[in-house]
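# Structure at a glance
This is what each chain is made of:
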Amino acid sequence: MNQRSRFYITLTAIYLVLISVVSATGQTKKSLRVATAQIPVSNVILKNSATILGALDFAIKENADILLTPEGSLSGYRPNFDQAVVDKELKKIVKRASGAGIALALGTCFIEPDDKKCYNQIRFYDRSGKFLGFHSKTLLCGSFSDPPQGEINDYATSPLRTFEINGIRVGGLICNDMWANPQCTPMPDPHLSQKLSKAGAKVIFLAINGGRDGGSWSEEVNWPYHEVNMRMRAAAGRVWVV
């Protein structure tokens with residue numbers, strides 16, 4: 001099995017035709033080459049780290065500018081994990097990426113040292129390894145009971161923000177942040193993709209952790225809803241979603 005099939009990597013050259021800068025020779029367009037890693041996520045941090053590093057090696061080989069990983073890809077998709085191990089492995093990943101000049105949009109759950117709260121994050125690092133900040137999942141899934149049950153009780157949230165990667169304004173969303181699934185979203189839809197667009201983002205990095213269960217509801221309703229919803233929101237905001 002070759003490296004491409006093992007890590008299910010899709011490499012996309014994204015040309016941001018709406019972004020331009022004035023140079024000495026006139027107006028020039030900027031581009032961003034993105035590696036998106038569709039990889040398995042377990043509850044074993046060391047295993048997840050090894051998988052991410054393998055995906056990063058592939059991204060390096062393909063001359064990507066940035067690597068995007070799934071929701072919870074390092075810690076596992078869970079609120080209870082060993083933060084010290086996540087910290088240690090994260091340093092390895094950032095060191096490898098910065099050594100190759102690749103930025104990161106890395107999905108992981110993370111306990112912030114300032115407030116000791118757990119967030120479901122995309123952590124953004126530039127090509128030098130500088131930490132730019134994080135997006136935390138905002139539309140946390142929950143039941144419609146009173147009070148709601150589910151991950152809505154497990155993670156903290158933070159204000160929406162944007163970041164700059166290679167001179168391009170970008171944002172991050174995590175799974176349900178994009179589509180506000182009416183089956184598991186007990187709060188109003190704040191239209192986060194539109195808010196990122198209004199904040200100047202030209203690219204939205206969307207980290208997802210989900211799978212197809214093979215059932216008719218999944219195949220005929222759930223996933224088509226997600227895919228069409230995402231395309232409509234991308235078109236409405238005039239943004240790229242990767």
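Everything discussed here concerns the structure shown above.
Keep in mind that what you see is a predicted model, and the values were worked out from it rather than measured. (Residues numbered from 1 in each chain as written. Predicted model: local features only at pLDDT ≥ 70, side-chain atom pairs only at ≥ 80, totals over all residues. Heavy atoms only, no water.)

### Description of unusual backbone geometry
One can expect most non-glycine residues to show negative phi and most peptide bonds to be in trans. Going by this rule: What counts as a helix is a DSSP run of H or I of at least four residues, what counts as a strand is a run of E of at least two, and both are numbered from the N terminus. Note on classification: 1.4 Å probe, protein chains only; a residue is buried when its accessible area is under 20% of the maximum for its type, exposed when over 50%, partly exposed between these limits.
Looking along the chain, the bond that leaves D146 and enters P147 is cis, with omega of 5 degrees. Inspection of the secondary structure puts P147 in the loop between β6 (131-136) and β7 (163-165). At C175, a residue that is not glycine, the phi angle is positive and equals roughly 45 degrees. The topology assignment puts C175 in the loop between β8 (168-174) and α4 (176-179). Taking relative accessible area as the criterion, C175 reaches 14% and is therefore assigned buried.

### A word on the environment of W179
Operational definition: Throughout, a residue-residue contact means that at least one pair of heavy atoms, one from each residue, lies within 4.5 Å.
Inspection of the secondary structure puts W179 in helix α4. C-alpha separation for the pair W179 and R233, spaced 54 residues apart in sequence, amounts to 8.4 Å. Residues in contact with W179, not counting those within four places in the same chain, are L206, I208, Y225, H226, N229, M230 and R233.

### Observations regarding the sheet that holds strand β10 (residues 240-241)
Cut-off, in case you're wondering: Note on pairing: DSSP must find at least two bridges between two strands before they are called paired.
In spatial order, the strands read β7-β8-β9-β10; together these 4 strands make up an open sheet with mixed pairing. Two strands close off the open sheet at either side, each with one partner strand: β7 and β10. One ladder, built from 2 bridges, connects strand β9 (residues 203-207) with β10; its direction is parallel. Paired with I204 across the strands is V241, a residue of β10.

### Some thoughts on the packing of helix α2 (residues 45-61) against helix α3 (residues 83-99)
Using the following cut-off: Axes here mean lines fitted to C-alpha atoms, for a helix over just the part in contact, with angles spanning 0 to 180 degrees between N-to-C directions. We call two directions roughly parallel when the angle between them is under 35 degrees, roughly antiparallel when it is over 145, roughly perpendicular when it lies between 65 and 115, and oblique otherwise. When residues are sorted by character, Ala, Val, Leu, Ile, Met, Phe, Trp, Tyr, Cys and Pro go into the nonpolar class, Asp, Glu, Lys and Arg into the charged class, and all the rest, Gly among them, into the polar class.
Contact pair α2 / α3: the axes reach a minimum separation of 10 Å and the direction vectors enclose 10 degrees. Classed by the angle they form, the pair α2 and α3 counts as roughly parallel. Here α2 contributes I45, L46, S49, I52, L53, L56, D57 and I60 to the contact with α3, which in turn contributes V85, V86, E89, K92, I93, R96 and A97. Among the residues making up the contact of α2 with α3, the classes are represented as 10 nonpolar, 1 polar and 4 charged.

### Re the layout of surface pockets
Where we set the bar: The pocket and cavity definitions rest on a 1 Å grid over protein atoms only: a 1.4 Å probe that fits but cannot leave marks a cavity, an open set with protein on both sides within 12 Å along at least five of seven lines marks a pocket, and residues lining either have an atom within 4 Å of a point. Grid points are joined across faces, edges and corners, and a volume is the space filled by probe spheres set on the points.
Here the second largest pocket is characterised by a volume of approximately 230 Å³. Elements that contribute at least two residues to the lining of the second largest pocket include exactly α4 and α6 (216-237). The class makeup of the residues in the lining of the second largest pocket is 7 nonpolar, 8 polar and 2 charged.

### Some details on the pairing of strand β5 (residues 118-125)
Each regular strand carries side chains that alternate between the two faces of the sheet. Judged by how many residues are buried, β5 sits mostly within the fold: 8 of 8 residues are covered. With burial as the criterion, each face of β5 is covered, one bearing C118, N120, I122 and F124 and the other bearing Y119, Q121, R123 and Y125. Alignment of strand β4 (residues 103-111) against β5, held across 8 bridges, turns out to be antiparallel. The residue of β5 that forms the bridge with L104 is Y125.

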